[in-house]
Amino acid sequence: MDGFEDMIFGRPEVMEDRPTHFCPGCGHGITQRLIGEVIDELGIQERAVCVASIGCTVTAYAYFKVDGLESAHGRAPAVATAIKRVRPELFPFTLQGDGDLASIGTAEIVHAAARGEKITVIFANNATYGMTGGQLAPTTLIGMYSASTTGGRTVEQSGYPIRMSEMLATLDGPSYITRVSLHNPANVRKARKAIELAFRAQLAGLGLSFVEVLSMCPINWKVEPVKARQWMADNMIPQFPLGEFKCIPEVEALKKAVKG
Ligand SMILES: Cc1ncc(C[n+]2csc(CCOP(=O)(O)OP(=O)(O)O)c2C)c(N)n1
């Protein structure tokens, strides 16, 4: 039959042909896939440098056919800063978890954002320290189980979750800050657009662009993988509302270039 075997959907060119190692229902593979699609779309494979810190996202080196660097825990924005300043023609982007970015690496992201470094940060917020077994993260919800607060997080013991996007949006340096979520296909598409816009902001030479992606970690949440998306929508979005927190006019103008 004519056209019967036409390829309509495939793996991004920039991604390795290998099976995923992520746990069932994990969101990290989806985020990586979206980044891969955008790298292909923008034709930046030769310039892209993936700077991952520590946590499950660090395994990006196994999936992307781009240059990469692993920083110490939380230090990816500092390493990406150095790369961009020394080799401005390169395209460094970081891929960081919430333990990484909002705990041990809080200083690095705050100061990179305040300096308006011309880098892109993809922040996978799964409300837990995934790689080490689900301990409390700065983004763990009040009442939420973690391996280090097995009765649920309490304000008395651990304080309140940190909203990084809102905090960083108070700074003058960033050009674009948004929070998206992977809880259903429509939102996955919005996440892809946000990543593309953030990458385009760097290509246009604008200050730090930042995409927070709410991401599932069913194994550590102790929620069944098939229920984890809904769990995230019901529990995480009220604490971490979706939307743009900063978009300077120069980034607004780039939106028409982003695919529908
Ligand atoms: C300096 C340092 N301290 C602690 C650790 C242990 N460690 C490895 S991964 C991790 C937490 C990662 O959690 P997160 O950043 O939320 O990423 P996820 O695994 O959930 O994607 C920690 C504390 C380390 N590797 N290095």
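Description of the overall build of the protein chain
Now for step 1: Along the protein chain, the regular secondary structure elements total 10 helices and seven strands.
Now for step 2: Over its C-alpha atoms the protein chain spans a radius of gyration of 18 Å, differing by no more than 12% from the 18 Å that the globule rule assigns to 260 residues.
Now for step 3: C-alpha atoms of the protein chain, sized along the principal axes, occupy 55 × 55 × 30 Å.
Now for step 4: Evaluated residue by residue, the protein chain yields a buried proportion of 47% over its 260 residues.
Now for step 5: Contacts in the protein chain between residues far apart in sequence, at least 24 positions, make up 69% of those at least 6 positions apart.

Details of the environment of Thr-154
Now for step 1: Along the chain, Thr-154 falls in the loop between β4 (120–125) and α5 (155–158).
Now for step 2: C-alpha of Thr-154 to C-alpha of Leu-141: the two residues are 13 residues apart in sequence and 8.9 Å apart in space.

Examining the sheet that holds strand β3 (residues 91–97)
Now for step 1: Here we have seven strands laid out as an open sheet, ordered β2-β1-β3-β4-β6-β5-β7, and mixed in their pairing. Either end of the sheet is taken by a strand with one partner, and the two such strands are β2 (67–70) and β7 (243–247). Taken over all neighbouring pairs, the strand axes of this sheet differ in orientation by 15° on average, direction set aside.
Now for step 2: Bridge count for β4 against strand β6 (residues 209–214) is six bridges, and the pairing is parallel. When the bridges of β6 are listed, Thr-120 appears paired with Ser-209.

Looking at the site of the ligand
Now for step 1: For the ligand, the set of nearby residues contains 18 residues, the closest of which are Gly-55, Gly-97, Gly-99, Asp-100 and Gly-130.
Now for step 2: Among the residues making up the shell around the ligand, the classes are represented as seven nonpolar, nine polar and two charged.

With respect to helix α4 (residues 106–115)
Now for step 1: Listing the buried residues of α4 in full gives Glu-108, Ile-109, Ala-112 and Ala-113. All buried residues of α4 lie within an arc of 120° about the axis, which places them on one face of the element.
Now for step 2: If you follow the buried residues of α4, they end up packed against α2 (76–86), α3 (98–104), β4 and α6 (164–168).
Now for step 3: Downstream of α4 by a residue or two, Gly-116 has a phi angle that is positive, lying close to 65°.

Quick word on the packing of helix α1 (residues 28–42) against helix α7 (residues 185–203)
Now for step 1: At a closest axis distance of 9 Å, the pairing of α1 and α7 adopts a crossing angle of 50°. Here α1 lies oblique to α7, going by the angle between them. Relative to α7, the crossing made by α1 is right-handed. Residues Ile-30, Leu-34, Ile-35, Glu-37, Val-38, Glu-41 and Leu-42 of α1 lie in contact with α7, whose contacting residues are Val-188, Ala-191, Arg-192, Ile-195, Glu-196, Phe-199 and Leu-203.

Details of the environment of Asn-126
Now for step 1: If you trace the backbone, Asn-126 turns up in the loop between β4 and α5.
Now for step 2: Judged by the 31 C-beta atoms lying within 10 Å of it, Asn-126 is buried.
Now for step 3: Between the C-alpha atom of Asn-126 and that of Thr-140, which follows or precedes it by 14 residues, the distance is 8.2 Å.
Now for step 4: Beyond its immediate stretch of four places on either side in the chain, Asn-126 contacts Gly-27, Gly-97, Asp-98, Ser-215, Met-216 and Cys-217.

Digging into the nonpolar core
Now for step 1: Residues Cys-50, Ile-122 and Ile-195 are the most contacted members of the largest nonpolar core, which totals 66 residues.
Now for step 2: Residues contacting Cys-50, with those up to four places away along its chain left out, are Ala-60, Phe-64, Val-66, Gly-68, Phe-93 and Leu-95.

Quick word on unusual backbone geometry
Now for step 1: In this structure, Ala-127 is a non-glycine residue whose phi angle is positive, near 60°.
Now for step 2: Mapped onto the elements of the fold, Ala-127 is located in the loop between β4 and α5.
Now for step 3: With a phi angle near 60°, Lys-222 is a residue other than glycine that sits in the positive phi range.
Now for step 4: The topology assignment puts Lys-222 in the loop between α8 (218–221) and α9 (225–239).

Some thoughts on the pairing of β4
Now for step 1: Of all six residues in β4, six are buried; the element is thus mostly enclosed.
Now for step 2: Of the two faces of β4, the one lined by Thr-120, Ile-122 and Ala-124 and the one lined by Val-121, Phe-123 and Asn-125 are each fully buried.
Now for step 3: The pairing of β3 with β4 spans five bridges and is classified as parallel. Bridge pairing in β4 links Gln-96 to Phe-123.

A word on α2
Now for step 1: Along α2, the positions that sit buried rather than exposed are Ala-76, Pro-77, Ala-78, Val-79, Ala-80, Thr-81 and Lys-84.
Now for step 2: Considering only its buried residues, α2 is in contact with β1 (48–52), β2, β3, α4 and β4.

What counts and how
Throughout this description, residue numbers start from 1 for each chain and increase along the sequence as written. In keeping with the model being predicted, local features are shown solely for residues with a pLDDT of at least 70 and side-chain atom pairs are shown and tallied solely at 80 or more, while totals for entire chains, interfaces and linings include all residues. Secondary structure follows DSSP: runs of H or I at least 4 residues long count as helices, runs of E at least 2 residues long count as strands, and numbering of each begins at the N terminus. Using C-alpha atoms as the atom set, the radius of gyration is obtained and then compared with a globule rule of 2.2 Å times the number of residues to the power 0.38. In this scheme the burial state of a residue depends on its C-beta neighbours within 10 Å: 20 or more other such atoms mean buried, 12 or fewer mean exposed, and anything in between means partly exposed; the C-beta positions come from the backbone. A pair of residues counts as a contact when their C-beta atoms, built from backbone coordinates, are separated by no more than 7 Å. Note on pairing: two strands pair once DSSP finds at least 2 bridges between them. Axis lines are fitted to C-alpha atoms, over the contacting stretch for helices. Their N-to-C directions set the angle, which ranges from 0 to 180 degrees. Any residue qualifies as near a molecule or strand once its backbone-derived C-beta atom lies within 6 Å of it. Under the scheme applied here, ten amino acids are nonpolar (Ala, Val, Leu, Ile, Met, Phe, Trp, Tyr, Cys and Pro), four are charged (Asp, Glu, Lys and Arg), and all others, including Gly, are polar. What the arc measures is the spread of directions leading from the helix axis to the C-beta atoms. Here roughly perpendicular refers to angles of 65 to 115 degrees, roughly parallel to angles under 35, roughly antiparallel to angles over 145, and oblique to all remaining angles. Throughout, a crossing is termed right-handed when the near helix is turned clockwise from the far one, and left-handed when it is turned anticlockwise from it by less than a right angle. A set of buried residues qualifies as a nonpolar core if it consists of Ala, Val, Leu, Ile, Met, Phe, Trp, Tyr and Cys joined through C-beta atoms within 7 Å.

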